[in-house]
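A structural walkthrough
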Amino acid sequence: MTIKIVGERIYLAEMREQDAQLLYEYSKEPKLNEYSGPYKASESIEKAMEYIISCRKNILEKSSYILGIYENETDNFVGTIGFFDLNKENKNGEVGFWVAKDYWNKGYMTDSVKLMTNYIFKILKYHRVYAHFHELNKSVGRVLSKAGYEKEGELKDALKLKDGKFYSDMIYGIVNTQ
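Starting afresh in each chain, residues are numbered from 1 along the sequence in its written order. Per-residue local features are limited, in this predicted model, to residues with pLDDT of at least 70; the limit for side-chain atom pairs, both in listing and counting, is 80 or more; totals at the level of whole chains, interfaces and linings are taken over all residues. Remark: hydrogens and water are excluded; side-chain values derive from all non-hydrogen atoms of the structure.

When the centres of two rings from Phe, Tyr and Trp lie within 6.5 Å, Trp using its six-membered ring, the rings pair. Their planes under 30 degrees apart give stacked, over 60 give edge-to-face, and anything left gives tilted. Taken as a whole, this structure holds 8 aromatic pairs when the rule is applied. Taking the centre distance of 6.3 Å and the plane angle of 80° together, the rings of tyrosine 26 and tryptophan 98 count as edge-to-face. Taken together, the positions of tyrosine 26 in helix H1 (residues 20-27) and tryptophan 98 in strand S5 (residues 92-99) put the pair 72 residues apart, joining distant regions of the chain. Its relative accessible area of 14% is what places tyrosine 26 among the buried residues. The buried category is assigned to tryptophan 98, whose relative accessible area is 12%. Every member of this aromatic cluster is reached through a ring pair, and the members are Tyr11, Tyr26, Tyr70, Phe77 and Trp98. Lysine 4 extends its terminal NZ or CZ atom over the ring of tyrosine 11, reaching a point 4.4 Å from the ring centre. Should the NZ of a Lys or the CZ of an Arg lie within 6 Å of a ring centre and within 35 degrees of the ring normal, that charge is described as sitting over the ring. Above the ring of tyrosine 126, the side-chain terminus of lysine 91 is found at 4.5 Å from the ring centroid. Secondary structure counts use DSSP, requiring at least four H or I residues in a row for a helix and at least two E residues in a row for a strand, with both numbered from the N terminus. Only protein chains enter the accessibility calculation, which uses a 1.4 Å probe. A residue is then buried if its area is under 20% of the maximum for its type, exposed if over 50%, and partly exposed in between.

A few words now on the pattern of salt bridges. The salt bridge criterion pairs a side-chain nitrogen of Lys or Arg with a carboxyl oxygen of Asp or Glu, the two atoms within 4 Å. Taken as a whole, this structure holds 8 salt bridges when the rule is applied. Put simply, aspartate 75 and arginine 16 hold a salt bridge, and the shortest N to O gap is 3.1 Å. Here aspartate 75, found in the loop between strand S3 (65-71) and strand S4 (77-87), pairs with arginine 16, found in the loop between strand S2 (10-13) and H1; they are 59 residues apart in sequence, far enough to count as distant. Among the ionic pairs, lysine 47 bridges to glutamate 50, the shortest N-O distance being 4.0 Å. Separated by 3 residues within a single helix, lysine 47 and glutamate 50 lie in helix H3 (residues 45-61), roughly one turn from each other. Under the relative-accessibility criterion, lysine 47 is labelled partly exposed at 31%.

Keep in mind that these numbers describe shape and distance, not what the molecule does.
Right, here's the structure in full:
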């Protein structure tokens, strides 16, 4: 199964082995890991390669869909977006994403979420997509809102950061109304 979802400025596709070096470098960015746990791809180029191979295997097994984000003009790898924690019976799952620091504030995340959500609804035939994120990571909420997601709730003190303090887990979602 080869996936390529093309937008105006970016496209989403299965990550390539040649992306391992950049995946490793990008994933070491402290801001990317500030609100999440350790990212295995940030440990070594070998771990990044293992992650890419695992993502491709999961796509073949239809257990998750973690794709690379690429610029149309340059073919540069700039981040990842995924659809995972799939509930096939209830036709829903979670979307998660990040883009390398050099590509922040260019609209790539919003474009990626729109493209992925459309693919999830039209091709994978899922009914609902949700995302949850740390309350301090407000940019994720803005991206999701721009992509048509709505705030569904807040789990108070559900996430503990490295500083030892507890914070809310924000839940956003979108339903396929077609």
